[in-house]
Amino acid sequence: MNSALLIDFGSTYTKLRAVDLEARRLIGSGQGPSTVTTDINVGMRAALEDLERRAGKLPRFRYRLASSSAAGGLRMVTIGLVRELTAEAARQAALGAGAKLVGTFAYRLTENDLEKITALAPDIVLLAGGTDGGNMEVVLHNAAALGASRLACPIVYAGNRGAADEARRLLSSKTAIFTENVMPEFNVLDIEPARAAIRSVFIERIVHAKGIDRAAAEFDAVVMPTPAAVLEGARLVADGALGSVLVVDPGGATTDVHSVAPGEPAPGVVPQGLPEPRVKRTVEGDLGMRHNAATVVEAAGIAAIAADAGIGEEEVKALVKNLTANAEHLPVTTNEKALDHALARAAVGIAVQRHCGTLKTVYTPTGPVTVQHGKDLRRVDAVIGTGGVLAASADARAILSRALADAREPLALKPVAPRLLLDREYLLYACGLLQSVEPHAALELALANLTDLDREFAPDAAGGSVHPR
Amino acid sequence: MPSGTIVTGVIGSDTHIVGNRILTMALEKAGYKVVSLGALTPAADFVRAAVETRAGAILVSSLYGQGELDCRGFRDLCTEAGLEDILLYVGGNLVVGKRSWAETEQTYLAMGFDRVAPPGTRSEAVLEWLAQDLPAMESRAKKHKM
């Protein structure tokens, strides 16, 4: 049997998926604790035992690929010149590489900024600034400041090409990697090279620095950070079969949204701001089902959460307090389940709203003009829900439907009539890893494991799996 | 052959793009690198673009009569962003109502613009201004840095 083992060294769990590459099916899943802070092998062995218990004796795997979000994820600091321009482009590149952004800086770094960056102790710093042929002074000032600092992490330079040679000298005492400018021309984004550079630094250095390679006997390679694996999975199913997609992943601490869609304005609508990347990831740090349950309530309004859950506001407060304190708690009582459901609905709704663009009407002497900020995702073909919260939910459709356009918010460019799909076995990340070696099998496997929520209960839907358009 | 980067655009809620486009084409033909922001451009966007691209001049168009409101504080925005020496030109139908050109020009010069172009200004005239002003600006900027 030709098979693969896909590993996610997560922040809470070590998760395994064993797949049969010929039959395009899931052999089994396994889970152990995350033990990266002590010895990563302990959690890995527990997960393998769990997998063997469920799936029987394991085959010899042809591939054993891993992603990681353990030990705080890939913690990055980004630096640019103008906040809305190169600083934003750098942010987009880091997010697209699957990083956890711990700090974003713009303009000249002050001594105070440098102290902050050193205290944040990032895994990688991404330094941008200036278009090619544009401003050099600020990016060189920042390179000199970083070069003279106590910072020990690798620095990826993706700024003005004309300043690169001088920056190389200024950063000679550090591990510095030079790549293409994230904004070579004004308002032109080129984030793929920076994304690739960050990923190779991750594979070559961070995996070792975080102690993940101590489990090297159990895997062949750590290919990318886990959020990047989900993004690659999204790109795979979008380009391979589904057209344009939006993936929403509500988690314990954050809610991630990925879109693979051009998002261009409708005819006659004027775009404003930076052009949007076709493959885009956003992370909502205040929308999490456990660690950040209180901020979900804050963002949605306690009255809305209480009404949606059908419980009183006082009880919502009490339950949320409990959730924040016991992040690993699974809902037991009816009210706890109802609150979880309402929190997930709110997190999905708000995170997707923030990911999608908006329209605004500007009144000019020649009549009203419609202006668009961000991506127009109204015509997206499919919305995919992934992650533990949705997989465990009894009514995933009700949660995912919050990603859809709402007549009460006509200016939000959310999907109007997509198919609603559920990644019930949490296989999208695994297929994102697998596509690096077996793209065809990865695509078919991913599609076979997406449940069409609108056809789920229809008698003619054999297993409810998804077929290409 | 002139060199340097120039930012152009139509300020405020103004959609009149044709004149600005003709000017942009003339500048490109003359050898400048042009960052063309197009219609409906907020003042702050001109400044951000100029910072990132190290532009030598910003050329602001306004055709709908509201320029006086839109351009107020433009020079201050530039100074705030560290562009003390950048050249600022403005052109178009710059005021509403009956005001003499001399008066209009004075209004905009007082706002900190270096050149004020009345309706019907030919692009050749703008190129001549730039040929004179850019070298002067550059030597001024050098002095500032010392």
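Presented here is a report on the structure given in the accompanying data block. (Residues numbered from 1 in each chain as written. Chains lettered and ligands numbered in written order. Predicted model: local features only at pLDDT ≥ 70, side-chain atom pairs only at ≥ 80, totals over all residues.)

## Observations regarding the sheet that holds strand 2 (residues 13-20) of chain A
Residues and elements named next belong to chain A. What the five strands build is an open sheet, ordered 3-2-1-4-10; its pairing is mixed. Where the open sheet ends on each side, the last strands, each with one partner, are strand 3 (25-33) and strand 10 (221-225). Averaged over all neighbouring strand pairs, the angle between strand axes comes to 20°, with direction disregarded. As paired elements, strand 2 and strand 3 share eight bridges and run antiparallel to each other. From the neighbouring strand, D20 faces strand 3, where its bridge partner is R25. With respect to the sheet, helix 7 (residues 226-242) is in contact with strand 1 (3-9), strand 4 (63-68) and strand 10, its orientation differing from that of strand 10 by roughly 80°. (Pairing = 2+ DSSP bridges. Helix = DSSP H or I, 4+ residues; strand = E, 2+ residues; numbered from the N terminus. Axes fitted to C-alpha atoms, helices over the stretch in contact; angles between N-to-C directions. Contact = placed C-beta atoms within 7 Å.)

## So, the sheet that holds strand 12 (residues 255-260) of chain A
Residues and elements named next belong to chain A. Spatially, six strands are ordered 14-12-11-17-18-19 in an open sheet, and the strand pairing comes out mixed. In this open sheet, the two strands that pair with only one neighbour each are strand 14 (279-284) and strand 19 (450-452). Between one strand and the next, the sheet's axes are offset by a mean angle of 20°, whatever the strand orientation. Bridging between strand 11 (residues 245-250) and strand 12 involves six bridges; their strand directions are antiparallel. Opposite P250, over in strand 12, you have T255 as the bridge partner. Helix-sheet contacts for helix 11 (residues 334-355) involve strand 11, strand 12 and strand 14, and the interaxial angle to strand 11 is about 135°.

## Here we look at the pairing of strand 12 of chain A
Residue and element names in this part refer to chain A. With six of its six residues buried, strand 12 lies for the most part within the structure. Residues T255, V257 and S259 line one face of strand 12 and the alternating positions D256, H258 and V260 line the opposite face, and both faces are buried. Linking strand 11 back to strand 12 in an antiparallel pair, the connection comprises four residues. Examined bridge by bridge, strand 12 and strand 14 share six bridges and lie antiparallel to one another. Across the sheet, D256 pairs through a bridge with V283, a residue of strand 14. (Buried ≥ 20, exposed ≤ 12 C-beta atoms within 10 Å, placed from the backbone.)

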